[in-house]
Amino acid sequence: MITAGFYNDLKSLSEILLLAEHQHRSPRRSPEPLVAAPSGLRAAKRRPRPAAAPRALSPPCGCCCRAMALQGPGQLIFYVNGRKIVEKNADPEQMLLSYLRKRLRLTGTKYGCGEGGCGACTVMISTYEPTLKKIRHYSANACLLPICSLYGVAVTTVEGVGSTKTRIHPVQERLAKCHGSQCGFCTPGMVMSIYTLLRNHTEPSSEQMVAALAGNLCRCTGYRPILDACKTFCKEPVCCQRKGNGKCCLDQEDYLFDEEEKVSTRLFSTDEFQPLDPTQELIFPPELMRMAENQPKRTLTFHGERMTWISPGSLDELLDLKAAHPKAPLVIGNTSVGPEMKSGSVFHPIVIAPARIPDLHVVKSTDDGLTLGAACSLSLVKDALANAISEFPEEKTKVFCAVLQQLRTLGGEQIRNVASLGGNIMSRKSTSDLNPILAASNCMLNLASRGRKRQIPLSDIFADGVGNNTITPEEILVSVHIPHSRKGEHVSAFRQAPRRENALSIINAGMRVLFEEGTDIIKDLSIFYGGAVSATVCAKQTCQTLIRRHWNEQMLDEACRLVLKELAFPGSDSGEKVDYKKTLMVSFFYRFFLEVLQSLKTKDSGHCPGIPTEYRSVLQDFKTKMPQSIQIFQDTEPSQSPQDPVGRPIMHLSGIKHATGEAVYVDDLPSVDGELFLAVVTSSRAHAKIISIDTSEAVKEPGVFDIITAYDVPATNEFYYSDDPEIIFAKNKVICVGQIVCAVVADSNVHAKQAAVKVKIEYEVLEPVILTIEEAIEHNSFFEPKRKLEQGNVDQAFETVENVIEGEICIGGQEHFYLETQSVLAVPRGEDKEMDVYVSTQHPAIIQEMVAASLGVPSNRIMCHVKRVGGAFGGKLLKAGLLASVAAVAANKTSRAVRLILSREDDMLITGGRHPFVCKYKVGFMSDGRIRAVDAKYYINGGCTPDESVLVGELSLLKMDNAYKIPNLRCWAYACKTNLPSNTAFRGFGFPQSALVTETWITEIADKTGLPPEKIREINMYKENEQTHFKQQLDPQNLIRCWNECMEKSAYYTRKTAVNEFNKQNYWKKRGIAIVPMKFPFGLGMRYLSQAAALVHIYTDGSVLLTHGGIEMGQGIHTKMIQVASRELNIPMSHIHFCETSTTTVPNACASAGSAGTDVNGMAVKDACQTLLKRLQPIISKNPKGTWNDWIKEAFEQSVSLSATGYFRGYNENMDWEKGEGQPFTYFLYGAACSEVEINCLTGDHKTLRTDIVMDIGCSINPAVDIGQIEGAFVQGIGLYTMEELKYSADGALYTRGPDQYKIPAVCDIPEQFSVSLLSSSENPYAIYASKGIGEAGFFLGCSVFFALRDAITGVRSERGLKKTFALNSPLTAEQIRAGCTDDFTEMVIERCGGRICLNISG
Ligand SMILES: Cc1cc2nc3c(=O)[nH]c(=O)nc-3n(C[C@H](O)[C@H](O)[C@H](O)COP(=O)(O)OP(=O)(O)OC[C@H]3O[C@@H](n4cnc5c(N)ncnc54)[C@H](O)[C@@H]3O)c2cc1C
Ligand code: FES
Ligand code: FES
């Protein structure tokens, strides 16, 4: 809790910023220190219960107590944004992120995951190195930085970079103006990564820029606009966008721009950008320099509530400490210890922080190699290796090159900047990318303990598996010696991860071979693997057996078999496919084999034949390049008034606030007096009776205020929106792992969480436990109603068709992964049972309704407020309502404000996501490719409560036709009721799954008929005057236009020929290309669901306050609404302000969902503005030359009301499920996308080379926002279809609960060339200003990458004479791609390869 004293300090926070700014001008003046108040974490004065007995601090010991006696209690001194912080009570458990946010109230730095995986919390750390007299700036994740590690450093947060109150930094300005922020939650982290790079390199290369962002995730933008902003700082010329001749750099052909089209490609203008001026940056605090230079290195000790932090100043002290506390870990980067402690799997009462000891930072080049201190950060190691590589002859640097290769993709830059070499080695994680290569290269460890020093080979620490005790607990690693490579030695390292960058390896390897001089006879061989089992392993016997063998095919064959035999897997771990891992192990060896062979040829071309040319490309790994991109949209008419913003690429109006960290999200709201924090306790069983809930231990925990259960809900605990309820707290039984059973409220988030784990729940398991769709079918477990659509005569059609295919496709679920986790602040007003509820939601009205019902009060007592939401994508509807009710019940019971911010793990565990699908289908078609009949059953895994599952099923059926006329069709949708967390709405709402199924048939028909897939698509595409399968009339003209334009802009046929040519010339790498059309129906099915209202006030100074029922969650709705109001009122946008969406201003607003926000709220805003204008008209007519302010003043004086509501009744949509017909949609959006990919057949890795999208979105109100929606959705679609994988345990517990296990697309995953064109001359008579709702449609086009991958796999398979038809499920991960590219290695793994590997390596 923040104390009142601290609030007084808060006042000075703005001063901090001002002072920071002032420092730019007068660098010598140091501001007064901010002496932080005693930790609120300790203040238990509000606890109603008797205080628990004080916890014993860490056990007394000789050394640290001696240090304490000598120095008194530790004072932590560091700087934040130029301001000195003196923390007298530094808690070793406190990370910088919570310190910044809660203690310093610097809320620009965001929480996204708390485990170093998302980059939302990025800050810049600056240190001074007195020996080198150099200041080092590096980015770091504040969520993993213990504040105690910050002694003597300067921290810069986004607030210190620039602010609207002082000066906006060019990074902030350009990110905003290039449209690089949507919801804005990732934006401060992006700013900090770019800013840090610019502090080190004022003109970075695009390679450096892309690398700097590898550790930052964005779920909204698809990264393209962020990278566009970055490019403006790079030394290479900015991506041309247009050549001198007005043509696009992506396309050499003339056909890109139609002479007639008045198109634009400029979403922003670089002319407005301020130059980057390095002299304007915050200087490094001189006091810290003096401290670093003059202060003797004393031991620093900090005692927290449960933990003691000791930072010794010398190696001897460190060794003494380690002898006294052998179990205490050495913490340097905290990237291994931190996440372990956070997960609760371990707790360390004492930690030793040796980072200040010079011996551990040594970088020494010796005659035989490089010695690097154990505390060197991985970034420093990278630099040292790169230097050494440039200095030494190639022959000596092979080990360095291999280690460097691994370091390039190990973690993100924030991780590498703090993670230490020693930490990576000594934490001995099986996923360490360094250990296999360091071990294979004969690296040595220099160890020390009190009175003893020794050197051992690094490989010794893995000699006998996990329990290895080669290093004693008292010993520490001082440094690592990396040797020079020798003549005739070859060294390589490999890794394959679920995502190319910032992802732990599935398998990695380090390999080294030394030949007898001048021969290809193996003298020494070393092979180490990581990721295979729980520790790094050596294929020792394999290596020994192969000594003295020639480096040839026979050796290769034997090596692969020996490796597989020697490193037999004990079984599958957490769902990882063992076969894939094994395949990678032998594939890596094969890659090493080829590399060495090629290198032998270079040295001795006479004797060694080398490898065939078509094998060579596999020796090159995919690299992330700065993408080239172009966006094409229709210009506004020259006659349009310059003040009229409609149709122009206006920046998101919160863009600058996102980039400065000033945009306020729920958890950024200042704490309310007496506020409590809530942590949920969730079920650990999928289906069980609750026998008892024991809270006795939990209530004894410090700071605990109360425990809230179902019995505390005053009224409704179960909401019946259909037959089965949505439940706030489980009462008698639990129906999934992750269901909320009760909640702890305490005086801090930390205390609440600590107590929550102490709640003990006893269960009695109930049968059946249904987890999968198959199990639901078996138990006939469905939510009602089941839906069916039928047209034509399916059975008869099947009798007449020439071909039939039958199959099944599975599509995995998807986690929303909005960057801002679910957040609520419930504040009782203290009278009349009123309560303010601040929620991150898409649907304030349902929050109000659910909270009111749970508390048993009328809705008019509940005020729900939403300023903005940090991403939602459908995940913040009903689920947010349940969580808001949890917080409101707690607030009601305690009469205190209650804050509930879900941790990323809890959010992923509890809230469900996109429905997994299984479709069983039968398709009848003619040999010319015409589809005549389809019979399909769609099963969706709804989870344990209905939520929107039936509706998702319905829309899956209504949208399953995608762009095709299917004359005879019968399809069913079943929403399966299972014991998984309840799934919910997600962008596209069933369409991305059901249309993927349809496109899968198309490709299968192509396989079967031998016709190209694009021909099958064209043959079956809707023609004029046809009806959909529910008898809605359709005009597909723009569908066909999009298709043709996409064909043309992508140069599809030319590139298809080039792909075939590439595939002929490359054996282990293949390319694939696919073009996919899309019809996306817009509509919510019922009129009342699309009604909307707005409220517009004009104040007497002429300023306008606008509100409506829509929620800003990144889609720029408020920006667009202000554009609408600006046009209608004919005033500049700057006159209009949007404050918040609230149930107090607009009642009963429908959810912002289904792409409808702008359509419906735009109509309401227009209506309100027109009402006002009508009232003003007589005044304007009387004084036509008057100004807006004149008219308003006059209107007020004439008692004309200056406030109006606007209303839109909604679209006349309907659907009769009995008859199977209706008009559920108002209009259709169309599009097409063409993607080209390249795959590595040995690993399954892939790269999207190019994507061209053409979309019909009517007349865009804001092309920048709309293109942003298309690109962001497209990249999210790539995530669903190619990489995002949810994994569950056999008893229904979600494993993938954070960015470390669940991979969403990162910068490395977007197309290298990315073009988006908006179809010109398209008008939509049904929506505001002829626009179309665009939030969801682009998502499905991500499947063009899926089908391009399929095309590449088809290329592999046809070359190898494999079966033509093959099934591919979604996501098409590297694992599936590898499995699709069957070869001798995959066969060997499943033990079908009887003969020897025949790889024709001799050409
Ligand atoms: C988001 C994220 C992504 C990551 N991605 C990758 C990846 O792609 N590849 C990869 O290989 N790793 C990856 N890692 C792991 C990371 O590289 C290691 O956690 C890191 O190198 C450990 O260093 P540290 O200084 O942070 O260790 P700490 O957490 O500070 O300490 C780790 C352990 O090592 C011991 N230790 C440290 N130094 C010494 C010493 N000198 N003597 C004795 N014992 C010592 C400590 O006692 C402790 O038990 C990732 C981590 C995160 C959080
Ligand atoms: S919050 Fe720190 S990296 Fe995600
Ligand atoms: S703008 Fe990046 S996560 Fe929303």
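Everything below is about the structure printed above this text.
All values reported here derive from a predicted model rather than from experimental measurement. (Residues numbered from 1 in each chain as written. Chains lettered and ligands numbered in written order. Predicted model: local features only at pLDDT ≥ 70, side-chain atom pairs only at ≥ 80, totals over all residues. Heavy atoms only, no water.)

Our next topic: the sheet that holds strand S16 (residues 489-496). A sheet is described by the order of its strands in space; here 4 strands give the open sequence S16-S17-S18-S19, paired in antiparallel fashion. Single-partner strands in this sheet number two, and they are S16 and strand S19 (537-538). Judged from the 2 bridges that link them, strand S18 (residues 522-530) and S19 form a sheet pairing that is antiparallel. Bridging from a neighbouring strand, Tyr529 pairs with Val537 of S19. Helix-sheet contacts for helix H13 (residues 398-409) involve S16 and strand S17 (507-515), and the interaxial angle to S16 is about 10°. Packing against the sheet, helix H19 (residues 578-603) makes contact with S16, S17 and S18, and its axis sits at approximately 145° to S16. (Pairing = 2+ DSSP bridges. Helix = DSSP H or I, 4+ residues; strand = E, 2+ residues; numbered from the N terminus. Contact = heavy atoms within 4.5 Å. Axes fitted to C-alpha atoms, helices over the stretch in contact; angles between N-to-C directions.)

In contact at an axis separation of 9 Å, helix H5 (residues 170-177) and helix H6 (residues 187-200) are set at 130° when each is read in the N-to-C sense. When the axes of H5 and H6 are compared, the pair comes out oblique. As H5 packs across H6, the resulting crossing turns out to be right-handed. Within the contact between the two elements, H5 uses Val171, Gln172 and Leu175 and H6 uses Thr187, Met190, Val191, Ile194, Tyr195 and Leu198. (Parallel < 35°, antiparallel > 145°, perpendicular 65-115°, else oblique. Left-handed = near helix turned anticlockwise from the far one by under 90°.)

Once that is clear, we can look at empty space enclosed by the protein. Throughout the structure, instances matching the rule amount to 13 cavities of 30 Å³ or more. When its volume is computed, the largest cavity comes out at roughly 240 Å³. Along its surface, the largest cavity is lined by 18 residues, and Ile727, Gln739, Lys879, Leu882 and Ile910 are the ones closest to its centre. Within the residue set of the lining of the largest cavity, elements represented by two or more residues are strand S25 (726-727) and helix H27 (878-894). Sort the elements by how many residues they give to the lining of the largest cavity and H27 lands first, with 4 residues. Looking at the lining of the largest cavity, its residues break down into 11 nonpolar, 5 polar and 2 charged. (1 Å grid on protein atoms, 1.4 Å probe; cavity = no way out; pocket = protein on both sides within 12 Å on 5 of 7 lines; lining within 4 Å. Points joined across faces, edges and corners; volume = space filled by probe spheres on them. Nonpolar A, V, L, I, M, F, W, Y, C, P; charged D, E, K, R; others polar.)

Across the two faces of strand S34 (residues 898-901) the burial is the same, with Val898 and Leu900 and Arg899 and Ile901 all buried. Here 2 bridges tie strand S21 (residues 676-682) to S34, and the two strands are oriented parallel to one another. Bridge pairing in S34 places Leu676 opposite Val898. With 4 bridges joining them, strand S31 (residues 823-828) and S34 adopt antiparallel strand pairing. Residue pairing for S34: Ser823 is matched across the bridge by Ile901. (Buried < 20%, exposed > 50% of the residue type's maximum accessible area, 1.4 Å probe, protein only.)

Here the focus is helix H37 (residues 1263-1283). Across its 21 residues, H37 extends 29 Å between first and last C-alpha, which sits within 8% of the 30 Å expected from 1.5 Å per residue. Of all 21 residues that make up H37, 21 are buried, and the element is covered over most of its length. At the N-terminal end of H37, a side-chain oxygen is found 3.1 Å from the backbone nitrogen of Ala1264, two or three residues along, and the residue is Asn1262. (Expected span 1.5 Å × (residues − 1). Polar contact = N/O pair within 3.5 Å; in protein donor to acceptor, adjacent residues only side chain to side chain.)

What follows deals with the site of ligand 1. Inspection of the region around ligand 1 gives 32 residues, with Ile332, Gly333, Thr335, Ser420 and Asp433 positioned closest. Contacts to ligand 1 include Ile332, whose backbone N or O atom sits 2.7 Å from an oxygen atom. Contacts to ligand 1 include Ser420, whose side-chain N or O atom sits 2.6 Å from an oxygen atom. Calculation on ligand 1 without its partners gives an accessible area of 980 Å², and the protein chains cover 90% of this total. Those elements that place two or more of their residues in the shell around ligand 1 are helix H15 (421-426) and strand S15 (476-483). No other element matches H15, which puts 4 residues into the shell around ligand 1. (Near = heavy atom within 4 Å. Areas by Shrake-Rupley, 256 points an atom, 1.4 Å probe, with all protein chains shown as cover.)

With that out of the way, let us pick up the sheet that holds strand S42 (residues 1104-1108). Strand order in the open sheet formed by 4 strands is S43-S42-S41-S45, and the pairing between neighbours is mixed. Every other strand in the sheet has two partners, leaving strand S43 (1136-1138) and strand S45 (1203-1208) as the edge strands with one partner each. Here the strands of the sheet are splayed against their neighbours by 25° on average, with no regard to which way each runs. For strand S41 (residues 1092-1098) and S45, the ladder comprises 6 bridges, and the chain directions are antiparallel. Pairing of His1097 across the sheet is with Ser1203, part of S45. Sitting on the sheet, helix H34 (residues 1117-1129) is in contact with S42 and S43, with an inclination near 125° to S42.

Under the counting rule described, the total for this entry stands at 38 aromatic pairs. Between Trp1068 and Phe1385, the ring centres sit 6.4 Å apart and the planes meet at 45°, which makes this aromatic pair tilted. Separated by 317 residues along the polypeptide, Trp1068 in the loop between helix H33 (1052-1065) and strand S40 (1069-1082) and Phe1385 in helix H40 (residues 1384-1389) bring together distant segments of the chain. On the accessibility criterion, Phe1385 (0% relative accessible area) is buried. Ring centres of Phe1346 and Phe1347 lie 5.0 Å apart, and the angle between their planes is 70°; on these two criteria the pair is classed as edge-to-face. Here Phe1346 falls in the buried class, since its relative accessible area comes to 1%. Judged by its relative accessible area of 2%, Phe1347 is buried. Sitting over the ring of Phe1347, Arg1017 keeps its end group 5.5 Å from the ring centre. Here the basic side chain of Lys1069 rests over the ring of Phe622, its NZ or CZ set 4.6 Å away from the ring centre. (Phe/Tyr/Trp six-rings, centres within 6.5 Å; stacked < 30°, edge-to-face > 60°. Lys NZ or Arg CZ within 6 Å of the ring centre and 35° of its normal.)

This paragraph deals with unusual backbone geometry. Along the chain, Glu784 connects to Pro785 via a cis peptide bond; the corresponding omega equals -5°. Relative to the helices and strands, Pro785 resides in strand S29 (residues 782-791). Note that the residue after Ser1370, namely Pro1371, is joined by a cis bond; omega there is 5°. Unusually for a residue other than glycine, Ser1199 sits at a positive phi of about 55°. When you line up the elements, Ser1199 lands in the loop between helix H36 (1188-1197) and S45.

With respect to the helices and strands, the residue Asp747 is situated in the loop between strand S27 (740-746) and helix H23 (749-756). Taking the relative accessible area as the measure of exposure, Asp747 reaches 3% and is therefore buried.

In terms of burial, S18 is a largely internal element, 7 of the 9 residues being buried. Counting the residues in the hairpin turn of S17 and S18 gives 6 residues, including Gly518, whose phi is positive at 70°. With antiparallel pairing between neighbouring strands as the criterion, S18 and S19 make up a hairpin whose turn holds 6 residues, including Gly531 at a positive phi of roughly 85°.

Glancing now at the environment of Ala688. Along the polypeptide, Ala688 turns up in strand S22 (residues 688-694). For Ala688, a relative accessible area of 0% gives the class buried. Sequence separation between Ala688 and Leu883 is 195 residues, and the spatial gap between their C-alpha atoms is 22 Å. Sequence-distant contacts of Ala688, defined by excluding residues within four places in its chain, comprise Asn732, Lys733, Val734, Tyr763, Glu764, Val765 and Leu766.

None of the figures reported here should be taken as evidence of function without further support.
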